Amino acid sequence: MYRIGIGYDLHRLIRRRKLILGGIIIPYTKGLLGHSDADVLIHAICDALLGASGRGDIGEHFPDCDPAYKNISSVKLLKKVARRLRALKYSINNIDAVIVAEKPSLVSYKKKISRNIAQILNLPSKKVNVKATSAEKLGPIGRGQAISAHAIALIKKR
Ligand SMILES: [Zn+2]
C-alpha cells in the first residue's frame, strides 16, 4: 500500500545566520531565520513524510516554543521522522523536492544536497531528487527576502 504526502516551508533570509539547505552549509552573506537551524528543505521533506504517514506536521512534533529544538540541526529532526516512519512499518519509495531561491545559485549544490538527504535517510541516491529554481525576481523570494521549499514523498507499508 502506497501513501503520498506533500510538504511546504518558507523562512526569512537575514544576516548573521548560516545558510543550511538539506544539511549542507551553503556559502552566502545571509542565512535563514528560525527557531531551529531553519533548514527549509528538510522541514518541507519532514512535512511530506509526516503527511504521507498521516501523522500531522512538523510543528506538532517539534514545537518552535520548545527550547529543546532551539538552533537544533534539522538533520536530527529528519532522522526522528524517519525513525517514526520505520516504527510504523513504512519505507520511503522516493522523495522529490524543489528549493525556490533567488540567490545564491544552487546549481552546483543540488546534487550534493540530494545525496546528503539520501544518506541521512539510508536511501539509494536515486530515491531523492532535489531541484532548484528562482522566483524570477518576483515577490519576497524574488527580492531575496526568503527561501521556500516544496517536497513530495511516496511511502510504502512494509
Ligand atoms: Zn521551517
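In this text the structure is predicted, and so the values were computed from the model without any measurement.

### Some words on the sheet that holds strand E6 (residues 128-133)
Then, number 1: The strand order across the open sheet built from five strands is E4-E1-E7-E5-E6, with neighbouring strands paired in mixed fashion. A strand with exactly one partner marks an edge of an open sheet, and here the two such strands are strand E4 (30-32) and E6. Neighbouring strand axes in the sheet, compared pairwise and without regard to direction, differ in orientation by 20° on average.
Then, number 2: Relative to strand E7 (residues 146-157), strand E1 (residues 2-15) is paired through eleven bridges, and the arrangement is antiparallel. Each bridged residue has a counterpart across the sheet, and for Gly7 the counterpart in E7 is Ala151.
Then, number 3: Against the sheet, helix H1 (residues 40-52) touches E1, E4, strand E5 (90-100), E6 and E7, its axis set at about 155° to E1.
Then, number 4: On the sheet, helix H4 (residues 110-120) packs against E5 and E6 and is oriented at approximately 145° with respect to E6.

### Observations concerning the environment of Asp47
Then, number 1: With respect to the secondary-structure elements, Asp47 resides in helix H1.
Then, number 2: Classification of Asp47 by relative accessible area gives buried; the value is 15%.
Then, number 3: In this structure the C-alpha to C-alpha distance between Asp47 and Asp64, which are 17 residues apart in sequence, comes to 15 Å.
Then, number 4: Each residue touching Asp47, except ones within four places of it in the same chain, is listed here: Ile6, Gly7, Tyr8, Asp57 and Ile58.

What counts, and at which threshold
- Residues numbered from 1 in each chain as written.
- Predicted model: local features only at pLDDT ≥ 70, side-chain atom pairs only at ≥ 80, totals over all residues.
- Heavy atoms only, no water.
- Pairing = 2+ DSSP bridges.
- Helix = DSSP H or I, 4+ residues; strand = E, 2+ residues; numbered from the N terminus.
- Axes fitted to C-alpha atoms, helices over the stretch in contact; angles between N-to-C directions.
- Contact = heavy atoms within 4.5 Å.
- Buried < 20%, exposed > 50% of the residue type's maximum accessible area, 1.4 Å probe, protein only.

Function-wise, these values are silent; they only describe arrangement.
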